[in-house]
Amino acid sequence: MNPLVDQIVSWIMVFSGSLIPALIIVFLIGLTGLKEITKYEAYNTFFYKLNPVTKFIFLIAVIALISTTIWWIGAIFSSILLFSFLTLKDGVKRFSYASFLFISSLLGGTWDTAPFLSYQALQRAFPNQNFTVIWVFPSYFTVMGYDKELTLQALFFALQVSFRVAPLILSGLLFVMTTSTAEIFRMFTKVKVPIPITFSVLVGVRTIPRIFELLDTSVKMQYIRGLGYGKPKFVQSLLIVEAIFLAIVPTIVYLFKGAKNMGISAATRGFMAYPKRTSLEELKFTRLDYYFFVIIALIIAVAIIANILGFGRTISTAGGF
Amino acid sequence: MMFVEIENLKVTYLGKDKPSLVVDRLNIEEGEAVLITGKSGGGKTTLVSVINGVIPHLIKAEVEGKVKVFDLDVFSSNLSKISRYIGTLLQDPDTQALNYYVIDEVAFGLENYMVPRDEMIKRIEESMKITGIYDLKNREINTLSGGELQRTVLASVLAMRPKALILDEPTSNIDPQGTKEILELIKKIREEGISLIIVEHKIERVLEFVDRILVIDGGKIILDIKKDEIVDYADVLHSLGLEVPDYMIFLKKSGLKVIDYEFLKKNYHPSPPERKDGKGEALYAKLKVKTKGGNYIVDTEISLREGTITALMGRNGSGKTTLLKGIMGLLDKKQVIVEEEKVKVFNIDLSKENLIVRGAYIAYLPQFFDVMFVKRKVEDEIAFSMKNRKIYSKEKLEEVLSAFSLTEVRKEDPLLLSMGQRRRVALASVLVGGAKVILLDEPTSGQDWYHREMLGKELQELREKGYTILVVTHDSRFVDKFSDYLYIMDKGKIVLKGKPEEVFPKAEKYGIEPTMDWVIRNESSC
């Protein structure tokens, strides 16, 4: 192939690897969509009724499952998690946002890992296999840490890695969207998490949706000020990426000012007066929690059985990671 | 017992070479209610932050001298101990609430202080009843109005049964209805015998609830008077840029020392502010916006006359901000349904145009406009808009900097400027594209009178240059002094419109009250 074309295609691959997931997030989810899937809203279905401790244990079980078993178990589990978004408030909308985020994290994760995988690493994961080279990068790409040859196996291996991250993101979102701040506070206190850490989590949970809201305002203000004026519509749309980048500093500054108020408000209401807190509502375990503990037990059982049957993460001969 | 005893206090913020607050002596007795007022940046918040222990325990500063509250040494006691005695309510209700449900917010302080559950339930019920939010206990915080949210946080503070309360500008970010609710609540709190410090710009509104007025300026207490002496000091307060009603200044000039309404009726005949009629129609918009559930948020028409300032008032949630956003094309169509959208500026139809095009005809400033500053120098900020619109030249930039009095701060970071300067940078940045119609969303919120007056004068200057302005505000005094027209919005519709003189008398049922100045002026002219 023409060396110039080689260069151009290689660089397009480099940029599109980061750009495509970012564009999925920006255009298909949007800042308001991100706000939607990071904020709690009261509702009355299954996940909302669970004790937060149960959900927290579920999160840990998910981590245990995906970190000890073969990738496709994580993939199956991701799909189950994804469909459970349909049970949430505005389920279809949240399911679609979560799906885009899922796809974006798979694409981003795969592309951010695959070109860096060395031949030796791949040999351990896929012993006795001939590798199919799908692209050869210019030699100077090794300076950026790229392996010279991109193989089909590297892509497959990277996809498997991504399937380990995706369920974590999904279960984290499920937790945030179905647990109120007071429940998180009470639950963390119950499991003896130090109060400063609890407070940080609390401020984070409360602030994240606000970040997207402020970014959205800042971005729109840039368009009102003429960003993209006189340019074709698709260029105007693409400029949102630049606008988001420019909006980060004023958003963070604004949030810091608000965080100061929040800190004062909490501190003048006795926050950290004692290492413990009492609780207005006792976090009770209902029958639903016990049913869910069965599911958690099943998850752990799957992890154990998968390992016994040779589908554990450490079994390289299974042809996976 | 004394509520506050201060001697030889000096507070110097880290990085500053001179103290931001110096108080030689200040005593406030238990059960006393004190109004602390003064221009923004004068040291009011620093003083109350020392009294409630936020300085030096939370905000680090060098402190000298002695500060005691209820015999407790503030500097050597920890903040949680001080907070048992003094409850604090801050200005912005949105940033104070940490919880999702009202009841959880009210319980927050009690849980922190390890109050047993039975006692907690008793206290929550009690404080919710005092603050009138008992019926809201299971409501989600994000569905509350500003006034309801402030009352929720106040209930949380009262549930801790403090001996004193510090209310730091508790009404500056909420609508007139919310303000009324909070002021009624203050009256109740006074009846409970709780000591009180209110930091507030609206002197006249809180006067009946306090015993004493402290004025802080330049980091010092420059006036400490009894509330009955206010008329006698009305001219001094006015010269300090504080919000003193005009009729009080008149009384002072007439040699009176107390408020005498009979005297005012006979002798006080001020002429109303000059109001412009305007020329043709600068902006026409018709909007129908509803929620996904089918409830109309906005269903109204609006028309602005060229070269006028129109104020838009109404309760929180009446649709004012949605109307402005709808005109600008800022509504998120994933969240709401825009059923009808007609926007014309000087007869140019913008209904189908996007933000970029609308921005060339209509300038818009949101309430929290700081998030629009994307450059780290004032001149770059304005140049950003000019370059976007392809009208940048050094000469034009100089012209704009000079027109908005920004030449001296051109190299400064916009985010580090004073409120007045920041607003001028923001206005310059949105107007430089050539827009002749300006929409401002609550620019008076949280501002002292000095800054509101400055804003009013700036807007009048822009009006003289031919701009047409629509201001969403809760500030009746600002409306009376600076606007040509007043529109009232309720449940998504503009229900009243006309000159303030025509609209104010009919506006009470929509939660809008005119100022006493307006009332006295109109009574005396009858």
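About the cut-offs
Residues numbered from 1 in each chain as written. Chains lettered and ligands numbered in written order. Predicted model: local features only at pLDDT ≥ 70, side-chain atom pairs only at ≥ 80, totals over all residues. Heavy atoms only, no water. Helix = DSSP H or I, 4+ residues; strand = E, 2+ residues; numbered from the N terminus. Buried < 20%, exposed > 50% of the residue type's maximum accessible area, 1.4 Å probe, protein only. Contact = heavy atoms within 4.5 Å. Areas by Shrake-Rupley, 256 points an atom, 1.4 Å probe, with all protein chains shown as cover. Lys, Arg positive; Asp, Glu negative; His and termini not counted. Charge placed at Lys NZ, Arg CZ, Asp CG, Glu CD. Rg over C-alpha atoms; globule rule 2.2 N^0.38 Å. Pairing = 2+ DSSP bridges. Salt bridge = Lys/Arg side-chain N within 4 Å of Asp/Glu carboxyl O. Core = buried A, V, L, I, M, F, W, Y, C linked by side-chain atoms within 4.5 Å. Buried area = accessible area lost by both parts, 1.4 Å probe. Polar contact = N/O pair within 3.5 Å; in protein donor to acceptor, adjacent residues only side chain to side chain. Phe/Tyr/Trp six-rings, centres within 6.5 Å; stacked < 30°, edge-to-face > 60°. Lys NZ or Arg CZ within 6 Å of the ring centre and 35° of its normal. Patch = residues over 30% accessible without salt bridge, like charges linked within 9 Å, V, L, I, M, F, W, Y side chains within 5 Å. Expected span 1.5 Å × (residues − 1). Arc of directions from axis to C-beta. Axes fitted to C-alpha atoms, helices over the stretch in contact; angles between N-to-C directions. pLDDT = per-residue confidence, 0-100. Left-handed = near helix turned anticlockwise from the far one by under 90°. Nonpolar A, V, L, I, M, F, W, Y, C, P; charged D, E, K, R; others polar.

Chemist: What is the right way to read the overall build of chain A from this model?
Modeler: When its secondary structure is counted, chain A shows 12 helices and two strands. For chain A, the sequential pattern of α-helices and β-strands runs α-α-α-α-α-α-β-β-α-α-α-α-α-α. For chain A, the spread of C-alpha atoms along the principal axes amounts to about 70 × 60 × 35 Å. Here chain A, with 321 residues, has 50% of them falling under the buried criterion. Long-range pairs, those at least 24 residues apart, make up 79% of the contacts in chain A between residues at least 6 apart in sequence. Total accessible area on chain A stands at roughly 14900 Å², and carbon and sulfur atoms take up 71% of it. Here chain A contributes 27 positive and 14 negative side-chain charges, whose respective centroids are spaced 8 Å apart.

Chemist: Would you mind showing me how to read the overall build of chain B here?
Modeler: The secondary structure content of chain B amounts to 21 helices and 20 strands. The C-alpha atoms of chain B give a radius of gyration of 24 Å, which matches the 24 Å a tight globule of 526 residues would have. With the principal axes as the frame, chain B shows a C-alpha extent of 70 × 55 × 55 Å. Pairs at least 24 apart in sequence give 67% of the contacts found in chain B among residues at least 6 apart.

Chemist: Hey, could you run me through the pairing of strand β19 (residues 485–490) of chain B in this one?
Modeler: Two faces make up the sheet, and in a regular strand the side chains alternate between them. Residues and elements named next belong to chain B. Most of β19 is tucked away: six of the six residues are buried. Pairing between strand β13 (residues 309–313) and β19: four bridges, direction parallel. Residue pairing across strands places M313 opposite I488, the latter belonging to β19. In terms of strand pairing, β19 meets strand β20 (residues 493–498) through five bridges, oriented antiparallel. Paired with M489 across the strands is I494, a residue of β20. Hairpin connection, β19 to β20: the antiparallel pair is bridged by two residues, and K491 has positive phi, about 45°.

Chemist: Any chance you could explain the environment of V244 of chain B here in plain terms?
Modeler: Among the structural elements, V244 of chain B can be located in the loop between α10 (234–239) and α11 (246–253). Along the primary structure V244 of chain B and A234 of chain B are separated by 10 residues, whereas in three dimensions their C-alpha atoms are 6.5 Å apart.

Chemist: How do you make sense of the pattern of salt bridges when you look at a structure like this?
Modeler: Residue and element names in this part refer to chain B. Under the counting rule described, the total for this entry stands at 56 salt bridges over all chains. Ionic pairing is found between D480 and R275, a salt bridge with its closest N-O pair at 2.8 Å. Taken together, the positions of D480 in helix α19 (residues 476–482) and R275 in the loop between α12 (261–267) and β11 (281–291) put the pair 205 residues apart, joining distant regions of the chain. The residues D480 and R275 share a single accessibility class, namely buried. Overlapping salt bridges bring together E119, K122, R123, E126 and R161 as one network.

Chemist: Teacher, can you tell me more about the environment of G317 of chain B here?
Modeler: Counting through the fold element by element, G317 of chain B comes out in the loop between β13 and α13 (320–328). Relative accessible area serves as the criterion here: at 76%, G317 of chain B is assigned to the exposed category.

Chemist: Where do I start with the nonpolar core in this structure?
Modeler: All names here are of chain B. Counting 123 residues, the largest nonpolar core has I302, I327, I362 and I382 as its most contacted members. Look past the residues within four positions of I327 in its chain and what remains in contact with it is L283, A285, L287, I302, V343, R358, I362 and L439. Core analysis: the second largest hydrophobic core is formed by 43 residues, L154, I182, L183 and Y268 among them.

Chemist: Got a minute to help me understand the sheet that holds strand β15 (residues 348–349) of chain B in this structure?
Modeler: Hydrogen bonds between backbone groups are what pair the strands of a sheet, and the pairing can be parallel or antiparallel. Residues and elements named next belong to chain B. Judged by pairing direction, the sheet is antiparallel, and its four strands sit side by side in the order β12-β11-β14-β15 without closing on themselves. In the strand order of this sheet, the two ends are held by β12 (296–305) and β15, each with one partner. Where strand β14 (residues 336–345) lies against β15, two bridges are found, and the strand directions are antiparallel. Within β15, the residue paired with V345 across the bridge is I348.

Chemist: Explanation requested: the interface of chain B and chain A in the structure shown.
Modeler: Accessible area lost during the coming together of the parts is what is often quoted as the interface size. With 68 residues of chain B in contact, the opposing surface of chain A contributes 62 residues. Area buried by chain B at its contact with chain A is led by L98, I356 and V371 of chain B, which between them contribute 12% of it. Along the contact surface separating chain B from chain A lie seven salt bridges. With a closest N to O distance of 2.9 Å, R186 of chain A and D104 of chain B form a salt bridge. Linking chain B with chain A are 34 residue pairs in polar contact (both at pLDDT 80 or more), by the criterion used here. With nine residues, helix α5 (residues 102–112) of chain B is the single largest residue contributor to the side of chain B that touches chain A.

Chemist: Mind showing me how you'd approach the packing of aromatic side chains here?
Modeler: The relative placement of two aromatic rings is captured by the distance of their centres and the angle of their planes. All names here are of chain A. A complete count under the given rule lists 40 aromatic pairs over all chains for this structure. With 5.7 Å between their ring centres and 75° between their planes, Y43 and Y48 make a pair best called edge-to-face. Under the relative-accessibility criterion, Y43 is labelled partly exposed at 40%. Since its relative accessible area comes to 7%, Y48 is described here as buried. A connected cluster of aromatic rings, assembled from ring pairs, spans W11, F15, F116, F137, Y140, F141 and Y146. Positioned above the aromatic ring of F185, the side-chain terminus of R277 is 3.8 Å from the ring centre.

Chemist: What am I meant to see in a nonpolar patch on the surface here?
Modeler: Residue and element names in this part refer to chain A. A surface patch of nonpolar side chains, amounting to about 880 Å² of accessible area, comprises W72, I76, I80, I300, I304, I305, I308, L309 and F311. Within the residue set of the nonpolar patch, elements represented by two or more residues are α4 (71–84) and α12 (287–308). The element contributing the most residues to the nonpolar patch is α12, with four residues. Structurally, I304 can be placed in helix α12.

Chemist: Looking at this structure, how should I read helix α6 (residues 117–131) of chain B?
Modeler: An α-helix turns once per 3.6 residues; consequently, residues spaced three or four apart project the same way. Residue and element names in this part refer to chain B. With 15 residues, α6 extends 21 Å between its outermost C-alpha atoms, agreeing within 8% with the 21 Å of an ideal straight helix rising 1.5 Å per residue. Looking at α6, one finds that the buried residues are M120, R123, I124, S127, M128, I130 and T131. In a view along the axis of α6, the buried residues occupy a sector of 155°, so they form one face of it. Residues D118 and K122 are exposed on α6 and point more than 90 degrees away from its buried face. On its buried face, α6 sits against α5, α7 (146–158) and α8 (176–191). Trailing α6 by a residue or two, G132 shows a phi angle of about 70°, which is positive.

Chemist: Hey, could you run me through the sheet that holds β19 of chain B in this one?
Modeler: All names here are of chain B. Overall, mixed pairing links the six strands, which are arranged β16-β17-β18-β13-β19-β20 in an open sheet. Strand pairing shows two members of the sheet lacking a second neighbour, β16 (362–365) and β20, which therefore form its edges. Mean inter-strand twist for the sheet, computed between neighbouring axes without regard to direction, equals 20°. Packing against the sheet, helix α17 (residues 419–431) makes contact with β16 and β17 (437–441), and its axis sits at approximately 150° to β16.

Chemist: Can you walk me through the confidence of the model for chain A in this structure?
Modeler: Note that predicted coordinates carrying low pLDDT should not be read in detail. Summarising the model, chain A shows a mean pLDDT of 87, and 97% of its residues fall at 70 or more. Scored below 50 in pLDDT, residues 315–319 of chain A makes 11 contacts in the model with residues more than four places away or belonging to other chains.

Chemist: Before we go on, may I ask you to explain the side chain of Q447 of chain B in this structure?
Modeler: Structurally, the position occupied by Q447 of chain B is in the loop between β17 and α18 (449–464). If we ignore the near neighbours within four places in the chain, the residues touching Q447 of chain B are H201, M419, R423 and R452 of chain B.

Chemist: Whenever I open this one, the environment of K276 of chain A confuses me. Can you help?
Modeler: Of note, K276 of chain A is situated in the loop between α11 (240–267) and α12. Residue class for K276 of chain A comes out exposed when judged on its relative accessible area of 52%. Residues K276 of chain A and P52 of chain A, spaced 224 residues apart in sequence, show a C-alpha to C-alpha distance of 18 Å. With residues up to four places along the chain from it excluded, the contact list for K276 of chain A reads I195 of chain A together with N112 and M114 of chain B.

Chemist: Just checking my understanding: could you explain the packing of α4 of chain A against helix α7 (residues 152–178) of chain A for this structure?
Modeler: The description of two helices packed together rests on the angle between their axes and the distance between the axes. Residues and elements named next belong to chain A. Between α4 and α7, the shortest axis-to-axis distance is 9 Å and the interhelical angle comes to 35°. Of the two elements, α4 crosses α7, and the hand of that crossing is left-handed. Listed contacts from α7 to W71, G74, A75, S78, L81, L82 and S84 of α4 are F156, Q160, F163, R164, A166, P167, L170, S171 and L174. Split by residue class, the contact of α4 with α7 holds 10 nonpolar, five polar and one charged.

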